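# Observations on the three-dimensional arrangement
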Amino acid sequence: MSNDITRLHTGSPENLTERFAHRASHMKASEIRALFAVASRPDIVSLAGGMPNLSALPMEMMSEVVAKLIVENGAEALQYGSGQGHPKLREQICDVMALEGIRAHPDDVVVTTGSQQALDLISRIFIDPGDVILVEAPSYVGALGTFQQYEAQVVHVAMDEHGLIPQALREAITTTRAAGRKIKFIYLIPNYQNPGGVLLPAERRTEILEIARTAGIFVIEDNPYGLLGFDRPSPNAMRAEDSENVIYLGSFSKTIAPGFRVGWALVPQSLKEKIVIASESSILCPSNFSQLAISSYLSDQPWRDQIASFTQLYKTRRDAMLDSLEKHFPKEATWTKPEGGFYVWVTLPPEIDTKAMMPKAIVAKVAYVPGTAFYADGFGSWSMRLSYCYPSPERIRDGIKSLGGVLKTEMQIRGLN
Ligand code: PMP
């Protein structure tokens, strides 16, 4: 009965589509989301999702932090808070960013619901339909989806094993402007890039900042993985070198836990008010409960040691993946060697279509993300992202062995080996 009533009100799905705003036609589920249901089956080794591995997080300690917060400060924690974010947490965020060379004032920090919300706010403020956003080739699927929902034209700029290539950026700016297009910002992930797994060296950071400043284009530095370097700290953040032209995004999703949904934007002063107003219109204020839980955790717990144990856990898994890729993947394949973070990017001969191959991998009980997910323009069909963050090292070895088998068969079918 209630279904009938709903139908009467909304009409058929086609009619409904006609009533949507134009931008709704750009709202599409990402390839990763579509994969999620299959990849999360227990019999499948998922090298697909980028879920942080919380097995190193002591849950009893977390539950004490949360229980104490409610008992001692529940009236504040469960209340609405400031649109910009809790002042104490904003101070602590400045201490966290100092680890990557950033000197910032808490006034310039806007707390967001994960850094994903910051991406949305920046897009809302900057992007008019048809504006160009320059991104690495390949780039983070969640950012691409957001830029496209705001009807941006995403232009990929070439990367190598050391990240974005400065000369390619210069050329992309020249070509785009020569075509009469407006570039709104350059979006990049300098540390242990998603999906590439590569690290942008200090000299390239300086060069890219110089190019962007000269061209009058903002840089969005998205840095959720910066503290997850395996053998040495990552180079200083780009924001440490340029406080005027860099919008910096941070997150506790990978260093504490994503369930709190606490991230932040550190923005040039001239932008702060707009970002806070945009955020208030979508969420009123970030969760006080989550912010205060993170704040108590940072005050009372050895969070640097906790990051070190996460890093150790990911390093063991990275080693298992690189070792088994060497053993089981065909010699024609190449892959990145991440020094931190969650991801390895694999490049195969161009005849291999990783999206078409996916059902065969599922039969072999392993999942990955096809490379096309990380391009706005359909490129990347002969590449794939492998995440080592979540499964155990044994499962990673099993998964890579199976996937290597699938690949070798695929190569044989195409007469490639
Ligand atoms: N940026 C990048 C590069 C990411 O990999 C992710 C999460 N996978 C995010 C932003 C979003 O993170 P969150 O919203 O959890 O802070």
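Definitions and cut-offs
Residues numbered from 1 in each chain as written. Predicted model: local features only at pLDDT ≥ 70, side-chain atom pairs only at ≥ 80, totals over all residues. Heavy atoms only, no water. Helix = DSSP H or I, 4+ residues; strand = E, 2+ residues; numbered from the N terminus. Rg over C-alpha atoms; globule rule 2.2 N^0.38 Å. Buried < 20%, exposed > 50% of the residue type's maximum accessible area, 1.4 Å probe, protein only. Contact = heavy atoms within 4.5 Å. Salt bridge = Lys/Arg side-chain N within 4 Å of Asp/Glu carboxyl O. Near = heavy atom within 4 Å. Polar contact = N/O pair within 3.5 Å; in protein donor to acceptor, adjacent residues only side chain to side chain. Areas by Shrake-Rupley, 256 points an atom, 1.4 Å probe, with all protein chains shown as cover. 1 Å grid on protein atoms, 1.4 Å probe; cavity = no way out; pocket = protein on both sides within 12 Å on 5 of 7 lines; lining within 4 Å. Sits in = over half its atoms within 2 Å of the grid points. Core = buried A, V, L, I, M, F, W, Y, C linked by side-chain atoms within 4.5 Å. Domains from an automatic or database assignment. Pairing = 2+ DSSP bridges. Axes fitted to C-alpha atoms, helices over the stretch in contact; angles between N-to-C directions. Parallel < 35°, antiparallel > 145°, perpendicular 65-115°, else oblique. Left-handed = near helix turned anticlockwise from the far one by under 90°. Nonpolar A, V, L, I, M, F, W, Y, C, P; charged D, E, K, R; others polar. Buried area = accessible area lost by both parts, 1.4 Å probe.

The next thing to look at is the overall build of the chain. Along its length, the chain carries 14 helices and 14 strands. A globule of 417 residues ought to have a C-alpha radius of gyration of about 22 Å, and the chain, at 22 Å, matches this closely. Taking the principal axes of its C-alpha atoms as reference, the chain extends roughly 65 × 65 × 55 Å. Residues classed as buried in the chain amount to 53% of the 417 residues present. In the chain, the proportion of contacts linking residues at least 24 apart, taken out of those at least 6 apart, comes to 76%.

Scanning the entire structure with this criterion turns up 16 salt bridges. Close ionic contact of Glu 410 with Lys 360 constitutes a salt bridge, the shortest N to O distance being 2.9 Å. Taken together, the residues Glu 410 in helix H14 (residues 393-413) and Lys 360 in helix H13 (residues 354-363) connect sequence positions 50 residues apart. On the accessibility criterion, Lys 360 (39% relative accessible area) is partly exposed. Linked through salt bridges whose partners overlap, the residues forming this network are Arg 41, Asp 43 and Lys 365.

Here we come to the site of the ligand. Among the 13 residues in the neighbourhood of the ligand, the closest are listed as Asp 222, Tyr 225, Ser 251, Ser 253 and Lys 254. Taking Asn 194, its side chain carries an N or O atom lying 2.8 Å from an oxygen atom of the ligand. A distance of 2.6 Å is found between a nitrogen atom of the ligand and a side-chain nitrogen or oxygen belonging to Asp 222. For the ligand, whose accessible area on its own is 400 Å², the fraction buried by protein is 91%. More than half of the atoms of the ligand fall within 2 Å of the grid points belonging to the largest pocket. Considering each element in turn, the shell around the ligand owes the most residues, three residues, to helix H6 (residues 114-126).

For the rest of this paragraph, the subject is the nonpolar core. Among soluble globular proteins, nonpolar side chains are generally buried collectively. Counting 82 residues, the largest nonpolar core has Phe 252, Phe 329 and Leu 386 as its most contacted members. With nine residues, helix H12 (residues 303-328) is the largest single contributor of residues to this core. Two domains share this core, each providing at least three of its residues, namely domain 1 (13-57 + 305-413) and domain 2 (80-300). Sequence-distant contacts of Phe 329, defined by excluding residues within four places in its chain, comprise Ser 324, Trp 335, Val 346, Leu 386, Ile 400, Leu 403, Gly 404, Leu 407 and Lys 408. Formed by 27 residues, the second largest nonpolar core is a distinct cluster that contains Phe 126, Leu 144, Phe 185 and Tyr 187.

Read from one edge to the other, the open sheet built from eight strands follows the order S2-S9-S8-S7-S6-S3-S4-S5, with strand pairing classed as mixed. Taken across any chain shown, the strands that pair with only one partner, and hence form the sheet edges, are strand S2 (109-112) and strand S5 (163-164). Packed onto the sheet, helix H8 (residues 166-178) meets strand S3 (132-137), strand S4 (153-160), S5 and strand S6 (183-188) and runs at close to 155° relative to S3.

Here the focus is the packing of H6 against helix H7 (residues 141-149). Where H6 contacts H7, the two axes come as close as 9 Å, and the packing angle between them is 30°. In terms of their interaxial angle, H6 and H7 are classed as roughly parallel. Judged by the sense of rotation from one axis to the other, the crossing of H6 with H7 is right-handed. Counted together, Gln 116, Leu 119, Asp 120 and Ser 123 of H6 and Gly 142, Ala 143, Thr 146 and Phe 147 of H7 form the full contact between these two elements.

By secondary structure assignment, the location of Leu 69 is in helix H4 (residues 59-77). Residue Leu 69 is classed as buried on the basis of its relative accessible area, which comes to 5%. Considered as a pair, Leu 69 and Tyr 297 are 228 residues apart in the sequence and their alpha carbons are 9.9 Å apart. Not counting the four nearest positions on each side in its chain, Leu 69 is found in contact with Gly 74, Ala 77, Phe 289, Leu 292, Ala 293 and Ser 296.

In this section: the side chain of Asn 53. Of note, Asn 53 is situated in the loop between strand S1 (45-46) and H4. For Asn 53, the side chain forms a polar contact with the main-chain oxygen of Cys 389, separated by 3.2 Å. Looking at Asn 53, its side chain comes within polar contact range of the main-chain oxygen of Tyr 390, at 2.9 Å. Once you skip the residues sitting within four places of it in the chain, Asn 53 turns out to touch Phe 310, Leu 313, Tyr 314, Arg 317, Cys 389 and Tyr 390.

Helix-helix packing: each pair is described by the crossing angle between the helix axes and the interaxial distance. Direction vectors running N to C along H12 and H14 enclose 25°, while the axes themselves pass 9 Å from each other. Taken as axis vectors, H12 and H14 run roughly parallel relative to one another. For the crossing formed where H12 meets H14, the hand is right-handed. Across the interface between the two elements, Thr 316, Arg 317, Ala 320, Met 321, Asp 323, Ser 324, Leu 325 and His 328 from H12 touch Pro 393, Ile 396, Arg 397, Ile 400, Lys 401, Gly 404 and Lys 408 from H14. In terms of residue class, the contact of H12 with H14 is made up of six nonpolar, four polar and five charged.

For the chain, the assigned domains read domain 1 (13-57 + 305-413) and domain 2 (80-300). Carbon and sulfur atoms make up 65% of the area that domain 1 and domain 2 hide from each other, which totals about 2,800 Å². Three residues stand out in domain 1 for area buried against domain 2, namely Glu 339, Tyr 343 and Phe 374, and they jointly supply 20% of the buried area on that side. Applying the counting criterion to the domain 1 and domain 2 interface returns two salt bridges. Arg 232 is the salt-bridge partner of Glu 339, the closest N and O atoms lying 3.0 Å from each other. For the pair domain 1 and domain 2, the number of links is eleven residue pairs in polar contact (both at pLDDT 80 or more). Listing elements by their share of the side of domain 1 that touches domain 2, those giving two or more residues are H12 and strand S11 (343-347).

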